[in-house]
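# Chain and residue survey
For reference, the chains in residue letters:
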Amino acid sequence: SMTNFITAYLVEVERRTIRIVTIDPGNILAEIRRHIGCDLIDMVRIDRNHCIVVDDNGLTDELPCFTELKGYGSPLAGNLLIIGTDAAGETVSPSCPIEDFAAMLMIRYPVLSPEFEMLNGPNVFGSRVSGLSVKLIGVVPTVLTEERAH
């Protein structure tokens, strides 16, 4: 039955997006694991009413990208699930709009940029690529609006 489904916000880092997902309250842990794609989870508190669920082993793997949360010192690896928590510590739907959380997050990923050196000689003009430098680009996740089908 469709009773009391909880909503949560899923950050899919490699897509650079954040979207609303639903969670079956009868099976919260399995649902969370399915969304972020891991077995061991860790919780990062955003404020009194919200947490980010993160892959506990995420930072041991090689990372194509990572996410920074404003005011939190460590990088977050893998997909992230933002959930609400009530006074008793139970999982509930977030009480702030998805855009508020998107604005707190910065997904960072490396890009390779060519470095040029000028060539000069009697019959040589122009430049050549002498190497590559790595830069970290930062983007705020794009909010995907869901088509409400019910």
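Turning next to the packing of aromatic side chains. Counted according to the given criterion, the structure contains one aromatic pair. On the numbers, 5.7 Å between centres and 50° between planes, the contact of Tyr9 with Phe101 is tilted. Here the residue Tyr9 occupies a position in strand E1 (residues 6-12), and Phe101 occupies one in helix H2 (residues 98-102), the gap between them amounting to 92 residues. Classification of Tyr9 by relative accessible area gives buried; the value is 7%. The exposure class assigned to Phe101 is buried, which follows from its relative accessible area of 2%.

Below, the discussion takes up helix H1 (residues 28-36). Listed as buried for H1 are Glu31, Ile32, His35 and Ile36. All buried residues of H1 lie within an arc of 120° about the axis, which places them on one face of the element. In the core, the buried residues of H1 are packed alongside E1, strand E2 (17-23), strand E3 (41-47), strand E4 (50-55) and strand E6 (80-85). Gly37 sits one or two positions beyond H1 and adopts a positive phi of about 75°.

Conventions and cut-offs
- Residues numbered from 1 in each chain as written.
- Predicted model: local features only at pLDDT ≥ 70, side-chain atom pairs only at ≥ 80, totals over all residues.
- Heavy atoms only, no water.
- Phe/Tyr/Trp six-rings, centres within 6.5 Å; stacked < 30°, edge-to-face > 60°.
- Helix = DSSP H or I, 4+ residues; strand = E, 2+ residues; numbered from the N terminus.
- Buried < 20%, exposed > 50% of the residue type's maximum accessible area, 1.4 Å probe, protein only.
- Arc of directions from axis to C-beta.
- Contact = heavy atoms within 4.5 Å.

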